Amino acid sequence: MIALIVVVVLVVLVGLYLVITYNGLVSLRNRIENAWAQIDVQLKRRYDLIPNLVETVKGYAAHERETLDAVITARNAGMNASTPHEQAQAENQITGALKSLFALSEAYPDLKANQNFAQLQEELTGTEGRIAYARQFYNDTVYRYNTKIQSFPANILANAFRFREREYFQADDESRGPTQVRF
Amino acid sequence: MLALAAELPVYDQVTANKRRSWLLVAGFALFVVAVAVAFSYLIQAGPAGVAIALVVAIALNVGAYWKSDAVALRLSRARPAPQEEFARYHNLVEGLCIASGLPKPRLYVIDDPAPNAFATGRNPRNAAVAVTTGLLEKMNRMELEGVLAHELSHIKNYDILVSTLAVTMVGMVAILADLGIRLLWWGGGRRSHSDFDRDRGGNGGPAAILSIVGFVLLLLSPLIARLMQLAVSRQRETLADVSGVEMTRYPPGLISALEKLRDDSTVVHAHSRATAHLWIEEPAAQTPDEGRLSRVNRLFQTHPPIEERIALLREM
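Residues numbered from 1 in each chain as written. Chains lettered and ligands numbered in written order. Predicted model: local features only at pLDDT ≥ 70, side-chain atom pairs only at ≥ 80, totals over all residues.

Some details on the overall build of chain B
When helices and strands are counted, chain B shows 11 helices and 4 strands. Across chain B, contacts joining residues at least 24 apart in sequence account for 73% of those joining residues at least 6 apart. (Helix = DSSP H or I, 4+ residues; strand = E, 2+ residues; numbered from the N terminus. Contact = placed C-beta atoms within 7 Å.)

Here's what the structure looks like:
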C-alpha cells in the first residue's frame, strides 16, 4: 500500500516537472520569436521616419545632395535586403549616413532651430536606442534559452522535443569598427 | 557576452529580493494588526472593537495595494507627462522597457527644479515613474537614461510594491497611534483609571500589563514603522543601481547622474516623509547648506550615501 502511494507520488512529481519544464521552454522560445519581431518593428519605424527627415532637411539645405542621397540609398537598401547579412550592412550604412546628416545641422542654424527637425532627431535617436536594446534583449533571451536547454536534466526533454539552440545576433566586423562619418 | 556572465548573481539577488519583499509585507501587515489590537484594547472596545479594527486594517491594506501608487503620486504633485511634450523621456523609457522586457509604465512629471525621480505601483503591469522637471533639464541623455534604468529596476525587482505599501502603512500606523494617544489623553482615561485600580487589587494583573504594553506599542509605533521603511529601502537602492546598469550596459551614465545629484543642493519642494524612500536621491535637505533640518534628516536616511553608490558602480 505504502509502496503504491510512493510510486503514485513519484509519477505525479515527475509528470509535473515535465509539464512545467516543457511549458517553460515553449514560453522562452516564443519570447525569442517576439524579441526578434521587436527588432523588426523598430527597424521599420526608422524606415518610416527617414523620408520625413530628408524632406525637412531639404527645405533648409537642398544643395547637400550627397548626404541626403546617402541616407535615402541606405534606407532603400535596408528595406530591400534579402539576407540578414545584407540587412545588417544596410543598417550600418543608415546609422552612419544619419550621423553625417545630423552633423550637417550644425552648419545650418535655421535647420537646427526647426521644431520639426528637432522632433525627428529625437525620434530617430530614440529609435536607434530601441534597436540596440531590442538586440540586447534578443541576445539575453537566447542566452537564457540556450543555457536552459543545455543544462541537466532539462536537456533530455529539450532533445526529445527538438528544442534547438538559437544563434546570437552578432554585429559583424564592419559595425564593430568605428562608423565612417562623411561630411 | 561579458556583461551576461556577470548577470547571474544579480538574478539570484532579485529572487532573494522578491522573497524578502513578501516577508516584509507580511511583517508590516502583522505589525499593523498588532497596533490595531493595542488601539482597540486601550480605548476599551472589546472583542468587537478588535474585530472592527482588524477589518479596517485589512480593508486599508487591500486599498493600499490598489491605490497606494495614486497616493504617492498625489503627495508629490505629479501630473501625467504627455508624449509630445516629453518625447525624450518617453523614448528613453520605451528603449529601456524593450531592453528589460517590461511593459511601459505610466509616466509622470513633477514641476520642481530639484532633480529627482521615483517609481511606484504594485507590479510591472501597474507601475508609474515620476521625474521632476529639474531632472529632465539638468541631465543629458545618457545620465537621464541611467536614472530611468534605476527606476525601472525598482519596478522589475518588485521594490515598488513594498515601498508603496510602506507609504500607506506608515501613514496608517501614524494615524492610529496619534488617535489612540489622544483618546487616552482625553476620554479613554475613564477606563484606564478604574481598570488600573481594580487590576492592582489582584486578579487582573495580566490586563494591566497588557494595557501598558499596548500603550508603549502605540507610543513607539511611528518609530518602528519608520525603521521598517528604512529596512525596505537602503539595500534596494544599491541593487537598483546595479541592475539599472545591467539594463543600459553603460555605468558612466548613472555614475555621472549620481555625481550631478550629489553636487546639486536644491531640495524637492513637495516631498513628504512618507514618500522619502521612493526617490532616487533623498528628497530632504542632507547638508547644512541644503537646509536647517539636515542633521535630523540624516538620522533617518532612507538611502545609502551617494559616494558609496558611485564607488560601487565604478567597480563594475
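Examining the overall build of chain A
Helix and strand counts for chain A stand at 7 helices and 0 strands. For chain A, the spread of C-alpha atoms along the principal axes amounts to about 90 × 30 × 25 Å. Long-range contacts, defined as pairs at least 24 residues apart, comprise 75% of the intrachain contacts of chain A with a sequence gap of at least 6.

Focus: the nonpolar core
Judged by nonpolar contacts, the single largest core of 77 residues is most densely connected at L96(B), V129(B) and A130(B). The leading source of residues in this core is helix 7 (residues 159-201) of chain B, at 9 residues. Setting aside chain neighbours within four positions, we find V129(B) in contact with V93(B), P105(B), L107(B), Y108(B), A117(B), A119(B), L148(B) and E151(B). Core analysis: the second largest hydrophobic core is formed by 14 residues, L53(A), V57(A), L98(A) and L101(A) among them. (Core = buried A, V, L, I, M, F, W, Y, C linked by C-beta atoms within 7 Å. Buried ≥ 20, exposed ≤ 12 C-beta atoms within 10 Å, placed from the backbone.)

Regarding helix 3 (residues 84-104) of chain A
A rise of 1.5 Å per residue sets the reference length of helix 3 of chain A, with its 21 residues, at 30 Å; its end C-alpha atoms lie 30 Å apart and thus fit the reference within 8%. All of the buried residues in helix 3 of chain A are A90(A), E91(A), N92(A), Q93(A), I94(A), G96(A), A97(A), L98(A) and L101(A). (Expected span 1.5 Å × (residues − 1).)

Concerning the packing of helix 9 (residues 251-263) of chain B against helix 11 (residues 306-314) of chain B
All names here are of chain B. Relative orientation of the contacting elements helix 9 and helix 11 amounts to 165°, with a least axis distance of 10 Å. With respect to their mutual orientation, helix 9 and helix 11 come out roughly antiparallel. Crossing of helix 9 against helix 11: the hand is left-handed. Across the interface between the two elements, P251, L254, I255, L258, E259, L261 and R262 from helix 9 touch I306, R309, I310, L313 and R314 from helix 11. Here the residues of the contact of helix 9 with helix 11 sort into 8 nonpolar, no polar and 4 charged. (Axes fitted to C-alpha atoms, helices over the stretch in contact; angles between N-to-C directions. Parallel < 35°, antiparallel > 145°, perpendicular 65-115°, else oblique. Left-handed = near helix turned anticlockwise from the far one by under 90°. Nonpolar A, V, L, I, M, F, W, Y, C, P; charged D, E, K, R; others polar.)

Concerning the interface of chain B and chain A
At the interface, 11 residues of chain B touch 13 residues of chain A. In terms of residue count, helix 4 (residues 87-100) of chain B provides more of the side of chain B that touches chain A than any other element does, 8 residues in total. In terms of residue class, the side of chain B that touches chain A is built from 5 nonpolar, 3 polar and 3 charged.

Considering the pairing of strand 4 (residues 126-132) of chain B
All names here are of chain B. Judged by how many residues are buried, strand 4 sits mostly within the fold: 6 of 7 residues are covered. Strand direction decides the pairing type here: strand 2 (residues 106-110) and strand 4, joined by 5 bridges, are parallel. Looking across to strand 4, one finds that L107 is bridged to V129. Two elements, strand 3 (residues 117-123) and strand 4, share 6 bridges in a ladder whose sense is antiparallel. Note on strand 4: the bridge partner recorded for F118 is A130. (Pairing = 2+ DSSP bridges.)

Observations regarding the confidence of the model for chain A
Residue and element names in this part refer to chain A. Mean pLDDT over chain A stands at 86; residues scoring 70 or higher make up 93%. Across chain A, helix 1 (residues 2-61) holds the top mean pLDDT of 91, while helix 7 (residues 173-176) sits lowest at 48. Every residue in residues 173-183 scores below 50 in pLDDT, and together they form 17 contacts with partners more than four places removed in sequence or on other chains. (pLDDT = per-residue confidence, 0-100.)

A word on the environment of V26(A)
All names here are of chain A. Here V26 lies in helix 1. Judged by C-beta crowding, with 12 C-beta atoms within 10 Å, V26 ranks as exposed. Along the chain, V26 and E165 lie 139 residues apart, while their C-alpha atoms are 13 Å from each other.

Structural notes on the environment of R309(B)
Residue and element names in this part refer to chain B. Within the element layout of this structure, R309 appears in helix 11. Exposure remark for R309: the 24 C-beta atoms within 10 Å place this residue in the buried category. Those residues in contact with R309 that sit more than four places away from it in its chain are E237, T238, D241, L258 and P304.

Some points on unusual backbone geometry
P153(A) follows F152(A) through a cis peptide bond whose omega is 0°. Structurally, P153(A) can be placed in the loop between helix 5 (115-150) and helix 6 (154-160). Its identity is not glycine, yet R162(A) carries a phi of approximately 55°, on the positive side. Position of R162(A) among the secondary structure elements: in the loop between helix 6 and helix 7. Of the residues examined, R162(A) has 6 C-beta atoms within 10 Å and is grouped as exposed. Although it is not a glycine, R249(B) adopts a positive phi angle of roughly 55°. Mapped onto the fold, R249(B) is located in the loop between helix 8 (205-248) and helix 9.

A short note on the sheet that holds strand 1 (residues 78-80) of chain B
Residue and element names in this part refer to chain B. The strand order across the open sheet built from 4 strands is 1-2-4-3, with neighbouring strands paired in mixed fashion. Of all strands in the sheet, those with a lone pairing partner are strand 1 and strand 3, marking the two edges. Across this sheet, the average inter-strand angle for adjacent strands is 30°, counted without regard to direction. Each of strand 3 and strand 4 is contacted by helix 6 (residues 141-156), which is oriented at about 25° to strand 3, the strand it contacts most.

Thoughts on the packing of helix 5 of chain A against helix 4 of chain B
Relative to each other, helix 5 of chain A and helix 4 of chain B sit at 10°, their axes nearing to 7 Å. Taken together, the axes of helix 5 of chain A and helix 4 of chain B lie roughly parallel to each other. In this structure, helix 5 of chain A contributes Q119(A), E122(A), E123(A), G126(A), G129(A), R130(A), Y133(A), A134(A), Q136(A) and F137(A) to the contact, and helix 4 of chain B contributes A87(B), R88(B), N91(B), E94(B), G95(B), L96(B), I98(B) and A99(B). Looking at the contact of helix 5 of chain A with helix 4 of chain B, its residues break down into 7 nonpolar, 6 polar and 5 charged.

Considering the confidence of the model for chain B
Residue and element names in this part refer to chain B. Model confidence for chain B is summarised by a mean pLDDT of 76, while 68% of its residues fall at 70 or above. Looking over chain B, one finds the lowest element-wise mean pLDDT in helix 1 (residues 2-5), namely 40, and the highest in strand 2, namely 95. Here residues 189-203 is modelled with pLDDT under 50, and outside its nearest four sequence neighbours on either side it reaches 12 contacts, counting other chains as well. Quick note on the complex model: pTM equals 0.77, ipTM equals 0.79.

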